[in-house]
Amino acid sequence: MSEVVQDRHEVRRARYAVAAVFAVHGAVTGSFATRVPWIQDHASVSAGQLGLALAFPALGASLAMPLAGSISHRFGARNALRGLIALWTLSLVLPSLAPNLPTLCLALFVYGATAGMADVAMNALGVEVENRMGRSIMSGLHGLWSAGALIGSAAGTLAAHLGADARLHHALAAGVLTVVGVASCAWVLDLQPAEDEAPPPRFALPPRSALLIGAVGFCAVFAEGASLDWSAVYLRDRLEASAGLAAACTTGFTLTMALARIVGDKVVDRYGSVRTVRVGGVLAVLGGLLIVVADHPAAAMGGFALMGLGIAVVVPLCFAAAGRSGSNPSLAIAGVATITYTSGLIAPSAIGGIAEATSLTVSFGLVTVLACGLVAFAGVLRAGDRDRPKVDRQAAAVPDPRP
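Residues numbered from 1 in each chain as written. Predicted model: local features only at pLDDT ≥ 70, side-chain atom pairs only at ≥ 80, totals over all residues. Heavy atoms only, no water.

Visitor: So what exactly am I meant to see when it comes to unusual backbone geometry here?
Guide: Keep in mind that most residues, glycine aside, have a negative phi and that most peptide bonds are trans. With a phi angle near 55 degrees, serine 44 is a residue other than glycine that sits in the positive phi range. Relative to the helices and strands, serine 44 is located in the loop between helix 2 (36-43) and helix 3 (47-53). Backbone geometry places glutamate 240, a non-glycine residue, at a positive phi of 55 degrees. As for its placement among the helices and strands, glutamate 240 is situated in the loop between helix 11 (208-238) and helix 12 (243-271). Taking the relative accessible area as the measure of exposure, glutamate 240 reaches 72% and is therefore exposed. (Helix = DSSP H or I, 4+ residues; strand = E, 2+ residues; numbered from the N terminus. Buried < 20%, exposed > 50% of the residue type's maximum accessible area, 1.4 Å probe, protein only.)

Written out as structure tokens, the structure reads:
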């Protein structure tokens, strides 16, 4: 087997490995989300206290994500991801063990911190594989994250239906996912810093390019968070849909996003990031307008489906652009991730606050306005397209020769 074929095989294997890590990461999220009611009862916290506790994962992630670059520099990308994904999967057991509000907040802070660091590490490796393959793969990787979340949610729903103790459920899930995640890391790219490469700062403000890219991600994640948490309520309260139909709307939105991400790479390869995001933004705006004017559940469900289709590939493309926007990909990716995590944190409460003061229709009017930002500012993703390798596929598969 020639060296080029061996290198191409290594990159292809690394792609499958990092894809498995994405799915594992998503499965942890899905496993946790379905057992939140059990955790609330076990910790004896009110709805308001639970809302406070659920802010701690985003807080932990935002503070810890800048550390991922330093960890990768010190231990190498493969070892860093192996350790961080293990910490993330094992942290799944912590929230269900918390007996009260303070310990639940602490557990969720650790849960979010490990999630954020693993998120940055796996996205940085995903961008590197994409660069070496010379074609888009980030959308598909995030699609597999969504698929993992759906699998984790399905398993959690079954466990809840059977009345299983969440401590046992999460211990078993953490064990299985840790084994799968750590084993998968054996085949990711083993990137090492150059001998003369200075270590990145432990904490630093994200570069300006990451702020602009993150703003695009902010618009998409705000729409995603609003739709996930409020689509069922919108159908039930505004359009008087049944509980089953309202729940189906949320499920449909999630499936639309997952499927669009899985097939999104082919679209990006053909039309580029900027054009893809602009067309997606148009679809999201049309979906938002349809939601706002809908007078029947079917119309609103169509609007949410268009919204999911339009925003699906935005966040993967933001991570890909951040990873190619400067000399420190991990720092740029951490900056974009921090902005998007923040958007996901504030979106549900912002929608609720606006709805309380006015109406849900006005709330989704705001979502529609933010979706316009995807059309207006998609050009900031152009740097990623411009930096794409201009060589043939075979040559693009050759790894970086640096140690």
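Once the structure has been displayed, the description carries forward.
Visitor: Help me out: how do you make sense of the environment of serine 139 in this one?
Guide: As for its placement among the helices and strands, serine 139 is situated in helix 9 (residues 138-161). Between the C-alpha atoms of serine 139 and phenylalanine 319, which are 180 residues apart in sequence, the distance is 9.8 Å. Apart from residues lying up to four places away in sequence, serine 139 is in contact with Ala260, Arg261, Ile262, Gly264, Asp265, Val313 and Pro316. In this structure the side chain of serine 139 is engaged in a polar contact, spanning 2.6 Å, whose partner is the backbone oxygen of arginine 261. (Contact = heavy atoms within 4.5 Å. Polar contact = N/O pair within 3.5 Å; in protein donor to acceptor, adjacent residues only side chain to side chain.)

Visitor: Explanation requested: the environment of valine 293 in the structure shown.
Guide: In this structure, valine 293 sits in helix 13 (residues 273-293). Taking the relative accessible area as the measure of exposure, valine 293 reaches 60% and is therefore exposed. Residues valine 293 and glycine 365, spaced 72 residues apart in sequence, show a C-alpha to C-alpha distance of 9.8 Å.

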